[in-house]
Amino acid sequence: MGTPSPRVVLVLAAALAGLLAPRAAYGQPNFIVILADDVGWGDLGANWAETKETPHLDELAAEGTRFVDFHSAASTCSPSRASLLTGRLGARNGVTHNFAVTSVGGLPLNETTLAEVLREAGYSTGAIGKWHLGHHGYHHPSFRGFDYYFGIPYSHDMGCTDTPGYNLPPCPPCPQHGAAARIARKDCYTEVALPLFENITIVQQPVNLSSLAARYAEEAARFIRRASDSGRPFFLYLALAHMHVPLGVPSPPPASGRGIYGAALSEMDALVGWIKRVADSHGKGNTLLWFAGDNGPWAQKCELAGRLGPFVGAWQRQRGGSSAKQTTWEGGHRVPALVYWPGRIPAKQTSHALLSTLDIFPTLVALAGAALPPNRRFDGLDVSPVLFGWSDVGHKVLLHPNSGAAGKDGEIETLRLAQYKAFYTTGGAMACDGSIGPAEHHQPPLIFNLDRDIQEQEPLDLASREYQAVLPAISRAYAQALEDIATDNVSVADYSKDPAATPCCNARHVACRCQAPRSH
């Protein structure tokens, strides 16, 4: 290779200066990651014109970058969150399905979280909201790198409350003191009330769902203010209860055409807008805010589920079942995503790069000037060049693990290669009508060209030139991915259960009812 010209040297020097600018010239940025629960790609107005309830999120998109080919690392709660906080798929970090109220374990303790890396790099770290990665013993977020925690240990429908939110089927409130009988309902948790933690202390049991969003906003603002006053950079992980199932009765009654769900979506949107304003008030341009969904909509909740947009998984729908949450169809894992960092990330930008929540870990670590944990491989990429508008290239290959609808949980039987998506196993989760699509195994795989068929309606004909041309590349990518995981430092999560692991502030009271004094 010859000596580069002076012009090339100048261009490379300028590019290098730009790469270093986010952390060197500007210091360590603050990070806010907001994770919405069961939100649909079409629940964002900037994605789907029919959605009118997200003016603040749409403003965030206009002032930052919107990702339209962005995916959750799994299509259900615990695996998706574990992957965000480790940059590793469940096949590596051990979290392959959801943890229970009685779970003894959680995200394996030998896995290093994003909070642990950033705290070591000098950050104040806080987690507010839903955890769902183990609550017993050292699996609690207070022992996983977070200086401060305020939230619920799992989903807000995994315990009774005095103010039950909307659900299908509807769930009864907690039994009162001295209640002689408890109402048993399928899919409802009636024995133990939902707890609210501040650090390791239960401060309310049962949680008041109607005020939970406001309390999250209050605690998030307090954390941002304290961290800013301390002079240290901060990392806030805000895992919203929205959308999942709506938290409570909206007041005033919903005016939007989407009823209760629309009102809850508006509430979530306002909360995100509030967090953005608080962050900007402590130094606009100092904080990177990343909003994403944890997986697609919960279709079996019918009118209480989100919008898929165009990602309807038509092939599966023709065979029964849902193609949303818990599936590896686009509706299960393609989620809305926005990044906002005024002065650093271009405004009004739409990226078509193939990205994932897996990328949040390595990207923030790089921007903080920290190092990835050793002795393990990562599925996520440092995608800061995409954030800054220098590139629109993300993953060449992205793996989609089984998440409950079909196949063994956590195993990789679906993958994306450029515009092609290959299924070795298909299946539908429970739909609104109660149907479930049976698992089907495909060898050779079903392959869809998403550039032409975003609805996943018609797989390529096995005899077609296109199928025959792409199959060898898909087969190689699949074999290489499985080999890479098999030879990695893989963790195993403890999924054992014990009723004694259930969070309870006062076992002598019905449903563990108590009201502890508030502390800071």
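The rules behind each value
Residues numbered from 1 in each chain as written. Predicted model: local features only at pLDDT ≥ 70, side-chain atom pairs only at ≥ 80, totals over all residues. Heavy atoms only, no water. UniProt positions renumbered as here; feature names shortened; annotations may be inferred. Disulfide = S-S within 2.5 Å. Helix = DSSP H or I, 4+ residues; strand = E, 2+ residues; numbered from the N terminus. Buried < 20%, exposed > 50% of the residue type's maximum accessible area, 1.4 Å probe, protein only. Pairing = 2+ DSSP bridges. Axes fitted to C-alpha atoms, helices over the stretch in contact; angles between N-to-C directions. Contact = heavy atoms within 4.5 Å.

The name recorded for the protein chain in an unreviewed UniProt entry is Arylsulfatase G, from Aptenodytes forsteri. The heading Subcellular location (unreviewed entry) in the UniProt record of the protein chain holds the text "Lysosome". What UniProt states about the protein chain under its Cofactor (unreviewed entry) heading is, verbatim, "Ca(2+)".

For the structure shown, the criterion picks out five disulfides. What pairs with Cys 160 in a disulfide is Cys 174, and their sulfur atoms sit 2.1 Å apart. An S-S torsion of about 105° defines the bridge between Cys 160 and Cys 174 as right-handed. Of this pair, Cys 160 sits in the loop between strand S5 (148–151) and strand S6 (196–198) while Cys 174 sits in the loop between S5 and S6, placing them 14 residues apart in sequence. On the basis of relative accessibility, which here comes to 2%, the residue Cys 160 falls in the buried class.

This next bit is on the sheet that holds strand S16 (residues 440–449). If you trace the four strands from one edge of the open sheet to the other, you get S13-S14-S15-S16, paired in antiparallel fashion. Each edge of the open sheet is held by one strand with a lone partner, namely strand S13 (397–401) and S16. Across the sheet, the axes of successive neighbouring strands diverge by a mean angle of 20°, strand direction being ignored. Bridging between strand S15 (residues 420–426) and S16 involves six bridges; their strand directions are antiparallel.

Cis geometry marks the peptide bond from Leu 168 to Pro 169; its omega dihedral reads 0°. Here Pro 169 is to be found in the loop between S5 and S6. A cis geometry characterises the amide bond from His 242 onward to Met 243, with omega recorded as 5°. Counting through the fold element by element, Met 243 comes out in strand S8 (residues 234–243). Non-glycine residue Asn 375 carries a positive phi angle of around 65°. Relative to the helices and strands, Asn 375 resides in the loop between helix H10 (360–367) and helix H11 (384–387). The exposed category is assigned to Asn 375, whose relative accessible area is 63%.

With that settled, the discussion passes to H10. Most of H10 sits inside the fold, with eight of its eight residues counted as buried. Listed in full, the buried residues belonging to H10 are Ile 360, Phe 361, Pro 362, Thr 363, Leu 364, Val 365, Ala 366 and Leu 367. Contacts made by the buried residues of H10 are with strand S1 (30–37), helix H3 (77–86), helix H5 (114–120), strand S9 (287–293), strand S12 (355–356) and H11. Note on H10: the residue one or two positions beyond its end, Gly 369, has a positive phi of about 75°.

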